[in-house]
Amino acid sequence: MAQSSVTLAITGASGAPYAVRLLECLLAQNQQVHLLMSSAARVVFATEIDWQLPAAPKAMAKAMQERFGVSAEQLHVYGKEEWFSPVASGSAAPKKMVVCPCSTGTLSAIAHGASDNLIERAADVVMKERGQLILLPREMPLSAIHLENMYKLAQLGVTIMPAAPGFYHQPKSINDLVDFVVARILDHLGLEQTLQPRWGYGEESK
């Protein structure tokens, strides 16, 4: 039985490897994951990591459960208009949510309380319930509109964590760069991680 729950939303920004690695790590830590995936995100998955996911939530859930070797109890997948899902209500939604990657369109919708689909509604619920919401925008350059939306959300307690890996750990591969970002997400969620040593605790500090 999973010890705690996290909502993971995946939108159409570039960054599928971040989403897959984060999902893998959450499941490995026995987290119960409520997964929301936009139609654009499926296109990005097919483009960036050559993973063709079915559109139907049940079929997508089965594909992901088989890939990660987890049960339906641990990994739930919802469609964009499943308004009766737990993530749509403050009485049932997990108190932690990550949007990884987060498109600037989704960022804008969350900042303005649009709630036109389940991803936006789930984020709205976490905010109104004073939970933890982490957004990983992957865009450059940033316009004044993007920055204004990020500032507005940051003022409301949302963590804006751009998918911008560091290089001080001397990465040797793309996977090292992905792990850097995912490690920071796990740190903010309060979950243990061994992907990257924290500053001052690596081999270089000895």
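Please read these numbers as outputs of a predicted model, since none were measured by experiment. (Residues numbered from 1 in each chain as written. Predicted model: local features only at pLDDT ≥ 70, side-chain atom pairs only at ≥ 80, totals over all residues. Heavy atoms only, no water.)

### Describing the sheet that holds strand 4 (residues 96-102)
At step 1: In space, the 6 strands of this open sheet follow the order 3-2-1-4-5-6, with parallel pairing throughout. Where the open sheet ends on each side, the last strands, each with one partner, are strand 3 (75-78) and strand 6 (159-160).
At step 2: Direction of pairing for strand 1 (residues 5-10) relative to strand 4: parallel, over a ladder of 3 bridges. Each bridged residue has a counterpart across the sheet, and for A9 the counterpart in strand 4 is V99.
At step 3: Seen against the sheet, helix 2 (residues 39-48) touches strand 1 and strand 2 (32-37) and runs at an angle of roughly 95° to strand 2. (Pairing = 2+ DSSP bridges. Helix = DSSP H or I, 4+ residues; strand = E, 2+ residues; numbered from the N terminus. Contact = heavy atoms within 4.5 Å. Axes fitted to C-alpha atoms, helices over the stretch in contact; angles between N-to-C directions.)

### What about the packing of helix 1 (residues 16-28) against helix 7 (residues 174-189)?
At step 1: Between helix 1 and helix 7, the least distance of the axes is 9 Å, while the angle of their chain directions is 50°. The angle between helix 1 and helix 7 falls in the class oblique. Here helix 1 runs over helix 7; the crossing is right-handed. Across the interface between the two elements, P17, Y18, R21, L22, C25 and L26 from helix 1 touch L177, V178, D179, V181, V182, I185, L186 and L189 from helix 7.
At step 2: When its residues are assigned to classes, the contact of helix 1 with helix 7 shows 12 nonpolar, no polar and 2 charged. (Parallel < 35°, antiparallel > 145°, perpendicular 65-115°, else oblique. Left-handed = near helix turned anticlockwise from the far one by under 90°. Nonpolar A, V, L, I, M, F, W, Y, C, P; charged D, E, K, R; others polar.)

### Points about the pattern of salt bridges
At step 1: By the definition in use, this model includes 6 salt bridges.
At step 2: A salt bridge links R21 to D179; the shortest N-O distance between them is 2.7 Å. With a gap of 158 residues between them, R21 in helix 1 and D179 in helix 7 connect regions that are remote in the sequence.
At step 3: Put simply, K95 and E129 hold a salt bridge, and the shortest N to O gap is 3.9 Å. (Salt bridge = Lys/Arg side-chain N within 4 Å of Asp/Glu carboxyl O.)

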